[in-house]
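# Overview (structure and organization)
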Amino acid sequence: MKALDALFKADSTALSLRQKRMEIIGSNIANAATPHFKARDIDFEAAYKSAMNTGDLTKTSSAHIDIGGTADTAEVRYRVPLSPSLDGNTVELHVEQVQFAENATHYEATLNFLNGRISTMRKALRGE
Amino acid sequence: MTNKLTIFDVAGRSMAAQQVRLNTVASNLANAASVSSSPDTVYRPIKPVFETQYHDVMEKTGIATVDVTDIYQSNATPEKRYAPSHPLADKDGYIYAPPIDQNAEMVDMLETSRQYQNNIEVLSTAKTLLLKTLNVGK
């Protein structure tokens, strides 16, 4: 099963991170008019690297902690506004819209990669 | 908040909040010309109070939606107008108009409608992606 894990890990990690990012940016857009709300986001590249970098170390005790991280441990940071507003809200709709669109496109791209991998695997299994 | 907030909850509740805001704008605009014979009975403009509802107490996940926690009734002073021939004028000949800034209300209305649209966009994108994810491997 390790080979299959290796085959799908990159895409599944990317998908969970993209999903998480979609929820966070969706929250920013939902709170675009709420005073004092601070926009958040995750650094996809850093989170992805940390989630993929688990290495080959074997855990021999339940007290051992994972090196690197998972999609769930990705650090959620605060966005620095381009022009802060008076009500303390740091959501800038244009920024969020662009980030949301970018994220959705990447999500779809990752889905296509995943589908490609699965169909390659199927073809290999059938001997086509 | 113990239940997990999905992106559908986030966008849906935000749309509900924007809807309340749009209702308050409509009420204010509808009553902009409702004059009264006493400053106590004149219509008072209403404003919703938005408050962020976080998915987790520690605010670690960054997932948050918005709720209307209160409808605030403005206590701005009503506008006093001298109109002795008006049927509602008081004994000194004054009528009282609600302190509504119609231009500000129109701006509010546009902002609300734009944010409502944004939430719909989030919702439909999330839905499309979810449906595509369901078809992975087919």
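Reading guide: rules and limits
Residues numbered from 1 in each chain as written. Chains lettered and ligands numbered in written order. Predicted model: local features only at pLDDT ≥ 70, side-chain atom pairs only at ≥ 80, totals over all residues. Heavy atoms only, no water. Axes fitted to C-alpha atoms, helices over the stretch in contact; angles between N-to-C directions. Helix = DSSP H or I, 4+ residues; strand = E, 2+ residues; numbered from the N terminus. Parallel < 35°, antiparallel > 145°, perpendicular 65-115°, else oblique. Left-handed = near helix turned anticlockwise from the far one by under 90°. Nonpolar A, V, L, I, M, F, W, Y, C, P; charged D, E, K, R; others polar. Phe/Tyr/Trp six-rings, centres within 6.5 Å; stacked < 30°, edge-to-face > 60°. Buried < 20%, exposed > 50% of the residue type's maximum accessible area, 1.4 Å probe, protein only. Lys NZ or Arg CZ within 6 Å of the ring centre and 35° of its normal. Contact = heavy atoms within 4.5 Å. Buried area = accessible area lost by both parts, 1.4 Å probe. Salt bridge = Lys/Arg side-chain N within 4 Å of Asp/Glu carboxyl O. Polar contact = N/O pair within 3.5 Å; in protein donor to acceptor, adjacent residues only side chain to side chain. Core = buried A, V, L, I, M, F, W, Y, C linked by side-chain atoms within 4.5 Å. pLDDT = per-residue confidence, 0-100.

### Some details on the packing of helix α1 (residues 2-30) of chain A against helix α3 (residues 93-126) of chain A
When two helices pack together, their arrangement is given by the angle between the helix axes and by the axis-to-axis distance. All names here are of chain A. Interaxial distance between α1 and α3 falls to 9 Å at its minimum, and their mutual angle equals 160°. The pairing of α1 with α3 is recorded here as roughly antiparallel in orientation. Regarding α1 and α3, the two cross each other, and that crossing is left-handed. Tallied by class, residues from the contact of α1 with α3 come to 16 nonpolar, seven polar and six charged.

### Examining the packing of aromatic side chains
Under the definition given, this model contains three aromatic pairs over all chains. Ring centres 6.4 Å apart and planes at 20° place the aromatic pair F37(A) and Y54(B) in the stacked group. Highlighted residues: F37(A) in the loop between α1 and β1 (40-42) and Y54(B) in strand β1 (residues 46-54), drawn from two different chains. On the basis of relative accessibility, which here comes to 25%, the residue Y54(B) falls in the partly exposed class. Each ring, one from F44(A) and one from Y48(A), has its centre 5.8 Å from the other, and the planes form 15°; the classification is stacked. Note that F44(A) and Y48(A) are positioned in helix α2 (residues 44-52) at a spacing of four residues, about one turn of the helix. Take Y48(A): its relative accessible area is 23%, and that puts it in the partly exposed class. Positioned over the ring face of F44(A) is R18(A), at 3.6 Å from the centre of the ring. Here K80(B) stacks its cationic end above the ring of Y94(B), 4.5 Å away from the centre of that ring.

### So, the interface of chain A and chain B
Often, the extent of an interface is quoted as the loss of accessible area upon association of its parts. In this complex, chain A contributes 27 residues to the contact, which on the side of chain B involves 32 residues. Of the roughly 2500 Å² buried where chain A meets chain B, counting both sides, 59% is carbon and sulfur surface. Three residues, E23(A), A30(A) and A33(A), lead the burial of chain A against chain B; their summed loss comes to 19% of the area buried on that side. For the pair chain A and chain B, the interface holds one salt bridge. E108(A) serves as the salt-bridge partner of K132(B), at 2.4 Å between the closest nitrogen and oxygen. Viewed at the interface, chain B and chain A are joined by nine residue pairs in polar contact (both at pLDDT 80 or more). With eleven residues, α3(A) is the single largest residue contributor to the side of chain A that touches chain B.

### Focus on the nonpolar core
Counting 21 residues, the largest nonpolar core has M22(A), I29(A), F100(A), I7(B) and V122(B) as the members making the most contacts within it. Taken together, the elements giving at least two residues each to this core come down to α1 and α3 of chain A together with α1 (7-30) and α2 (102-134) of chain B. The biggest single contributor to this core is α3(A), with seven residues. The residues touching I7(B), leaving out its near neighbours within four places in the chain, are M22(A), E23(A), G26(A), F100(A), V122(B), L123(B) and A126(B).

### As for the packing of α3(A) against α2(B)
Where α3(A) meets α2(B), the closest approach of the two axes is 10 Å, and the angle between their N-to-C directions is 10°. As judged from the angle between their axes, α3(A) and α2(B) are roughly parallel. Together, L93(A), Q97(A), F100(A), A104(A), Y107(A), E108(A) and L111(A) of α3(A) and R114(B), Q115(B), N118(B), V122(B), T125(B), L129(B), K132(B) and T133(B) of α2(B) make up the contact between the two elements. Along the lines of polarity and charge, the residues of the contact of α3(A) with α2(B) split into seven nonpolar, five polar and three charged.

### Notes on the confidence of the model for chain A
Per-chain confidence: chain A averages 88 in pLDDT, with 91% of residues scoring 70 or above. The spread of mean pLDDT over the elements of chain A runs between α2(A), the lowest at 88, and α3(A), the highest at 94.

### Side note on the pattern of salt bridges
All names here are of chain B. For the structure on display, the rule yields 15 salt bridges over all chains. When the shortest N-O distance is used, the salt bridge between E111 and R21 registers 3.4 Å. Here E111, found in helix α2, pairs with R21, found in helix α1; they are 90 residues apart in sequence, far enough to count as distant. For E111, a relative accessible area of 33% translates into the label partly exposed.

### Examining unusual backbone geometry
One non-glycine residue with positive phi stands out, namely H36(A), at about 70°. Looking at the element boundaries, H36(A) is found in the loop between α1 and β1.

### Examining the side chain of E23(A)
On the secondary structure map, E23(A) appears in helix α1. On the basis of relative accessibility, which here comes to 8%, the residue E23(A) falls in the buried class. Excluding residues within four positions of it along the chain, E23(A) makes contact with K4(B), I7(B) and I63(B).

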